[in-house]
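Listed here are the chains, written in short residue letters.
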Amino acid sequence: MEETSGEPASAGRRRWWTLLAVSTAQLLVVLDGTIVNIALPSAQRALDMSDASRQWAITAYALAFGGLLLIGGRVSGALGHRRAFRVGLLGFAAASALGGAATSAELLFAARALQGVFAALLAPAGLSLLTITFTGPRERGRAFGVFAAVGAAGSALGLVAGGLLTEYASWRWCLYINVPLALLAVGGTALVPGDRPVRDGGRLDVAGALLSAGGFAALVYAFNEAEPHGWASARVLALLVGGVLMLAAFAAVEARAPHPLLPLRVLAHRARAAAFAAITLMFVAMFGFYLFMSYYTQTVLGYSPVEAGLTLIINAVAALVGSTFVAGKLHGRVPPAALIVPGLLAAAAGMFLLTWLTADSAHILPLYLAPALVLTGLGLGCVMPPTASLATADMRWHEIGAASAAYNAAQQLGAALGTALLNTVAASAAASYLARPGRPTPTAATVHGYTTALTVAFGILLGAACVVALLTLARRARGTGTSPRAGTEREQAEEAAPLS
């Protein structure tokens with residue numbers, strides 16, 4: 001491990017403890033997005049949930065997390081990021097223990113919502129700590145590479161862990177497992193360098209807080225409701241329109257607020273906008289991809305839940321390689337777009353390969369699944385570190401929490417939209433295929449639905465690569481910012497330059 005010139009070795013080691021603690025917390029947040037999916041059938045039987053209500057075990061977490069992220073970013077700055085990080089970890093652990101011990105469906109739903117509340121504080125606080133702790137280009141590249149590797153691999157690992165815990169222990173351990181992980185991260189914060197709370201003297205932007213929470217929650221709920229009810233249902237359309245209107249009103253309020261919850265300069269910067277667009281569209285495609293891989297391997301190939309999860313380990317390992325040995329090594333040496341665009345294209349190539357699957361395809365694992373999992377993993381690993389770094393680069397001290405929260409919110413919206421959108425496309429395509437003459441088999445229709453949805457995901461990733469290229473090609477900045485700045489003159493000079 002390298003230390004900055006003139007820095008004591010102990011201070012350098014303390015910084016790497018920050019990476020360990022934040023990465024553990026990132027694993028908690030990402031893992032929780034998928035691990036409960038595997039446990040849900042067992043939890044439904046144990047707690048006597050109805051088919052109509054079971055989705056709230058997933059939706060309650062997503063609504064609280066996505067809706068409160070921007071508020072969590074502001075609270076993190078006001079408390080101090082390290083203190084907010086500890087509060088988020090302890091609250092997440094307590095909520096997980098409550099969910100694991102739930103004796104009714106309602107208690108489980110409430111515990112999942114509480115998990116989302118504390119995750120909304122934990123996630124932006126962790127990313128903010130990384131931003132203010134790692135400032136040198138090489139160490140920053142390593143740190144964000146590891147952080148992104150955990151995020152990229154966490155969803156796949158959640159499926160593996162969920163399958164193992166549900167099959168060999170109990171569905172309750174899919175929640176209990178968070179407790180020791182959270183406490184481990186809390187212990188690590190003892191060696192995390194402290195930071196000062198933001199004291200800007202401004203009141204909480206109440207109107208912005210209400211509009212952002214309502215708008216994000218409405219959109220996330222609409223995406224979740226689109227899966228069972230369809231995009232044309234009155235409920236989904238009302239939620240979509242309401243969410244968009246609230247977010248539009250939020251933007252108008254933020255433009256005039258003296259102390260905005262989300263300063264619009266966070267989103268208005270060209271390269272930062274490219275980072276947000278890239279990570280949102282990447283998550284749209286990848287979360288649909290994970291859903292189809294889980295269903296395809298189990299329902300078509302006949303894998304057990306554990307075997308299906310272990311197959312996705314290929315994706316997790318590839319993401320680890322891409323984020324640490326490619327993106328982490330090249331950080332600061334090449335423009336961020338030189339990592340983001342090829343990463344999106346690699347993931348698109350993996351999706352495209354799977355569109356050739358049919359119900360009669362042979363040698364599926366070596367010819368289709370393994371190459372696709374490697375390509376999508378490498379792509380995700382190359383996209384996440386530079387986008388996470390760009391999201392918080394060259395921000396004023398008091399705006400780091402807001403930028404971190406916005407980055408996490410982009411991921412949440414992408415994941416929710418991707419799951420709902422691509423699942424709807426797959427179901428519609430399968431139904432249309434079954435209606436064809438010649439009596440196609442249900443398996444053939446299912447595979448056709450998956451390949452159609454993955455074709456859409458392929459198009460989304462290609463579109464994302466084009467958007468990022470357009471936003472970053474026009475001008476090249478002198479370099480990517482690597483630390484919070486205090487100098488007003490430098491801030492004003494660099495606000496106009498893209499970070500690419």
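None of these values were measured; they are calculated from a predicted model. (Residues numbered from 1 in each chain as written. Predicted model: local features only at pLDDT ≥ 70, side-chain atom pairs only at ≥ 80, totals over all residues. Heavy atoms only, no water.)

### Observations regarding the packing of aromatic side chains
Thought 1: Per the counting criterion, the structure on display carries 13 aromatic pairs.
Thought 2: Each ring, one from Phe-283 and one from Phe-287, has its centre 5.5 Å from the other, and the planes form 25°; the classification is stacked. Residue Phe-283 and its partner Phe-287 are located together in helix α11 (residues 270-300), separated by four residues, close to a single helical turn.
Thought 3: A relative accessible area of 9% means that Phe-283 is categorised as buried.
Thought 4: Plain terms: the ring middles of Phe-287 and Tyr-290 are 6.2 Å apart, the flat faces sit at 80° to each other, and that makes the pair edge-to-face. Taken as a pair, Phe-287 and Tyr-290 lie in helix α11 at a separation of three residues, close to a single helical turn.
Thought 5: Relative accessible area serves as the criterion here: at 18%, Phe-287 is assigned to the buried category. (Phe/Tyr/Trp six-rings, centres within 6.5 Å; stacked < 30°, edge-to-face > 60°. Helix = DSSP H or I, 4+ residues; strand = E, 2+ residues; numbered from the N terminus. Buried < 20%, exposed > 50% of the residue type's maximum accessible area, 1.4 Å probe, protein only.)

### Quick word on the nonpolar core
Thought 1: Residues Phe-85, Leu-89, Phe-289, Leu-344 and Leu-354 are the most contacted members of the largest nonpolar core, which totals 121 residues.
Thought 2: In terms of residues, this core owes the most to one element, α11, which gives 16 residues.
Thought 3: Apart from residues no more than four positions distant in its own chain, Phe-289 is found in contact with Asn-315, Met-351, Leu-354, Leu-373, Thr-376 and Leu-454. (Core = buried A, V, L, I, M, F, W, Y, C linked by side-chain atoms within 4.5 Å. Contact = heavy atoms within 4.5 Å.)

### What about unusual backbone geometry?
Thought 1: Although it is not a glycine, Asp-48 sits at a positive phi angle of roughly 55°.
Thought 2: With relative accessibility at 69%, the residue Asp-48 sits in the exposed group.
Thought 3: Even without being glycine, His-363 reaches a positive phi, approximately 50°.
Thought 4: Residue class for His-363 comes out exposed when judged on its relative accessible area of 59%.

Take it as geometry only, folks, not as evidence of what the structure does.
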